[in-house]
Amino acid sequence: MLLRAQKILLVLFSSLCAQQQGLTFSGIFESAVSTRYSDSLSYGVEEYANIRMQSRIGQNATFFGAVNLVAGAGDFAYDRLIELERLHFRLNGETINFDGGLMRLPFGYGQVWNPSDFINPKNPLLPNARPIAVLGAGLSWYPTDSFKFMEFAAAPRDSSQNGLAGFLAEQHWERASLQLLYSYEFSGTDTEDFHRAGMSLKADLELSFMIDMLYTFNKDEKSKEGLVFSGGFDYSMFSGNLIVLTEYLYNGGENNLYSGFTWRFSDYTNAGAALLAGIDDNSFIPIAVFNHELFQGASFNIMAQRPLNSELPYDFNLEARLRLRF
């Protein structure tokens, strides 16, 4: 039933866009192969396409749509999937914009982790994870070119979750940006309603610094266990060919550290290595990556992970991915 509804929505959206001016298409195609070893050797294959559509409606409105086409087997835990990823509109004014529909609500500036983006938090072990949209709305006000204030709301994704509403304030300077966030997740009872307060800061000085944090609490529970904090820096050397990135994460009592570097061999090829360390349990996950741009719009990526003293369900993971943009 859900798949049929997604197909109907996609057809209706495509028909609407076809009647309007400025219809454009873009997208990504990915072909991935992975192999894992635990007690035995396993493998996975995936074919993925993301097709995006955009159409201007008159002078002040834009419709956006995107659909995912996925076929996977083995370590990729699905067979075939057609998924409506985006379906929303934007009304543009001189200083006010309104967005509504199935869309992303992104928050924060974190590179490795970004606690304030609680709807779609990052995971350094899954760099290719695709953010999930929500049914929501956002009203944005731009009193100046550098300041934004937004009120937002989102419906629950399923029956186990609650709807939420909140606001965001964002200020950009020449070398720094600051974002403040508050959201209220309502369940119908005061003791189970959750409040979230977040802050994200980035500054480009000699080093590029980043701080991102989120505090979650309800009426009866206010403690440090509700705090998630990340902070770090990145620095480039040798004319920008070497980039060093370090970021720390505190998550309700757990401490993690990410340290890595990327070396750029040319404008088309780079490689890097990183170590993800669990400070409390002495777990370590070395990560190695290689990226090469075959030609404009086509890239090839290899990533290897070797968990040590970790709770991950595998002892080694190797993944190769070919990506085409159109």
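Structural notes, computed from the coordinates. (Residues numbered from 1 in each chain as written. Predicted model: local features only at pLDDT ≥ 70, side-chain atom pairs only at ≥ 80, totals over all residues. Heavy atoms only, no water.)

1. Re the nonpolar core
Core analysis: the largest hydrophobic core is formed by 13 residues, its most contacted members being Leu-105, Phe-107, Phe-118, Ile-119, Phe-152 and Leu-181. Mapped by element, the contributors of at least two residues to this core are β7 (147-154) and β8 (163-172). Per element, the largest residue contribution to this core is three residues, and it comes from β7. Residue contacts for Phe-152: discarding those within four places in its chain leaves Leu-105, Phe-107, Ala-137, Gly-138, Leu-164, Ala-165, Gly-166, Phe-167, Leu-168, Leu-181, Tyr-182 and Ser-183. Listed in part, the twelve residues of the second largest apolar core include Trp-113, Leu-245, Ala-274 and Ile-287. (Core = buried A, V, L, I, M, F, W, Y, C linked by side-chain atoms within 4.5 Å. Buried < 20%, exposed > 50% of the residue type's maximum accessible area, 1.4 Å probe, protein only. Helix = DSSP H or I, 4+ residues; strand = E, 2+ residues; numbered from the N terminus. Contact = heavy atoms within 4.5 Å.)

2. Brief notes about a nonpolar patch on the surface
A cluster of nonpolar side chains, Phe-29, Leu-294, Phe-295, Leu-322, Leu-324 and Phe-326, forms an exposed patch at the surface whose accessible area comes to about 540 Å². Secondary-structure elements contributing two or more residues to the nonpolar patch are β16 (283-295) and β18 (316-325). Taking the relative accessible area as the measure of exposure, Phe-295 reaches 52% and is therefore exposed. (Patch = residues over 30% accessible without salt bridge, like charges linked within 9 Å, V, L, I, M, F, W, Y side chains within 5 Å. Areas by Shrake-Rupley, 256 points an atom, 1.4 Å probe, with all protein chains shown as cover. Salt bridge = Lys/Arg side-chain N within 4 Å of Asp/Glu carboxyl O.)

3. Notes on unusual backbone geometry
Of note, Ser-239 is a non-glycine position whose phi angle comes to about 60 degrees, a positive value. Accessibility expressed as a relative area gives 74% for Ser-239, which makes it exposed. We note that Asn-282 has phi near 55 degrees; this positive angle belongs to a residue other than glycine. With respect to the helices and strands, the residue Asn-282 is situated in the loop between β15 (269-278) and β16.

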